[in-house]
Amino acid sequence: MTERQRRILHLLVGQYIETRAPVASGTLAERLSLSPATVRYELIELEQQGFISKPHASSGRIPTRAGFRHYALSKLPPQPLPQATLDKLAQVLEGAGARREALLVQVASKLSGYPAMLRLKPRKTPRPLQVHLSTLTPGQVLAVAVLEGGKVREARLELSFTPTEAQLAEAERWMFRSSESLRASTPAMLELYESVARAFAQGSPEEYREGMALLLSQPEAQNPAFLRQAIAVFESPGDATLTPPGGMNIRVGEEEGISLVQAGIGLSDRVGELTLLGPLRMHYDRALSVAYALGQVYMGKQGRPERPGG
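Residues numbered from 1 in each chain as written. Predicted model: local features only at pLDDT ≥ 70, side-chain atom pairs only at ≥ 80, totals over all residues. Heavy atoms only, no water.

(A) Representation of the sheet that holds strand β6 (residues 152-158). Taking strand neighbours across the sheet as the criterion, the three strands line up as β4-β5-β6 in an open arrangement whose pairing is antiparallel. Either end of the sheet is taken by a strand with one partner, and the two such strands are β4 (128-137) and β6. For this sheet the average axis-to-axis angle between neighbouring strands, irrespective of direction, equals 20°. Both β4 and strand β5 (residues 140-147) contribute to a ladder of eight bridges, which runs antiparallel. Across the sheet, residue Ser 134 finds its bridge partner in β5, namely Leu 142. (Pairing = 2+ DSSP bridges. Helix = DSSP H or I, 4+ residues; strand = E, 2+ residues; numbered from the N terminus. Axes fitted to C-alpha atoms, helices over the stretch in contact; angles between N-to-C directions.)

(B) Quick look at the side chain of Arg 61. Relative to the elements of secondary structure, Arg 61 occurs in the loop between β1 (52-53) and β2 (62-63). On the basis of relative accessibility, which here comes to 11%, the residue Arg 61 falls in the buried class. Discounting residues that sit within four places of it in the chain, Arg 61 has contacts with Leu 12, Pro 22, Val 23, Leu 43, Ile 44, Glu 47, Ile 52, Ser 53 and Lys 54. (Buried < 20%, exposed > 50% of the residue type's maximum accessible area, 1.4 Å probe, protein only. Contact = heavy atoms within 4.5 Å.)

(C) Broad picture of unusual backbone geometry. Here the amide bond leading from Leu 76 into Pro 77 is cis, since omega sits at -5°, within 30 degrees of zero. Position of Pro 77 among the secondary structure elements: in the loop between α4 (65-73) and α5 (83-94). A positive phi angle, near 55°, is found at Ser 33, a position not held by glycine. Among the secondary structure elements, Ser 33 is positioned in the loop between α2 (25-32) and α3 (36-48).

(D) Molecular detail of the packing of aromatic side chains. Enumeration according to the criterion identifies two aromatic pairs in this entry. Each ring, one from Tyr 16 and one from Phe 68, has its centre 6.2 Å from the other, and the planes form 55°; the classification is tilted. Here Tyr 16, found in helix α1 (residues 3-19), pairs with Phe 68, found in helix α4; they are 52 residues apart in sequence, far enough to count as distant. Looking at Tyr 16, the relative accessible area reads 13%, which means it is buried. Geometrically, the ring pair formed by Tyr 71 and Tyr 284 is edge-to-face, given 6.4 Å between the ring centres and 65° between the ring planes. With a gap of 213 residues between them, Tyr 71 in helix α4 and Tyr 284 in helix α10 (residues 284-299) connect regions that are remote in the sequence. Comparing Tyr 71 with Tyr 284, the two get one shared label, buried. (Phe/Tyr/Trp six-rings, centres within 6.5 Å; stacked < 30°, edge-to-face > 60°.)

(E) Molecular detail of helix α9 (residues 224-235). In a regular helix each residue adds 1.5 Å, so twelve residues correspond to 16 Å; α9 covers 16 Å between its end C-alpha atoms and thus fits that length. Looking at α9, one finds that the buried residues are Phe 226, Leu 227, Ala 230, Val 233 and Phe 234. For α9, the buried positions fall inside an angular range of 130° around the axis, keeping them on one side. Exposed residues lying more than 90 degrees from the buried face of α9 are Arg 228 and Glu 235. Capping the start of α9, Asn 223 holds a side-chain oxygen 3.0 Å from the backbone nitrogen of Ala 225, two or three residues further along. (Expected span 1.5 Å × (residues − 1). Arc of directions from axis to C-beta. Polar contact = N/O pair within 3.5 Å; in protein donor to acceptor, adjacent residues only side chain to side chain.)

Take a look at the structure:
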């Protein structure tokens, strides 16, 4: 792609993000001080390269997924937020205490205008210090564990039977002898032991979500298929692979019609990822700046992000 083609493509994508209407060659020629004939020629080249398309013979052009991706990657590294804003965010998060993660996604959603998701998982498996088991419904048990570091985790266990109070007490005692070989008195107890062990084997991941209603204001939300897809992505745990701490990732259209902007997070005991969700017409520059800045503030540092691989 030539420099002139890049300028035309990025202007076209930016215009389409703002208007959601096909962009005419005359508009691009006027904005870039180029002749209409030159712009038309370059648009044909960009269309042949797969970056734009023409919905109708008499209409302007719109970006393809490849065009959106090229534009989004050009916004890396993100523009920093004002220092006064960063200082205020750091102050707010520092004073949030146990609500720090919930507040992080609330602020991310409000500043970006998009739904925000945060996933955190321990760097190593924390050892349960105390476990309490109780029956919720027939065949379902609630397991509550206090882990090393004072974190409390819950898990719902689905069983093929309803354990008695005596069986639950035996399983609680077994958790404190879990370094021993697994010995169960009955097949039912073996199932219970294994269910409890699996629930806390990797340490329960933490997930926080905020702002799904913001997508309702997007024109794409008039399409039920888009809305179903966006809700599915918002509610799913996501890919097990996380963006490296301090890095940025942009996933454009990997899920039909959906873009994700992701900032990797790393703490002494946990790693995670802050994600903003939007349509392909996402305001990538704003989303990248917000995700990166909040990730850095959450980690207690500032720096420049890494470019995504590939």
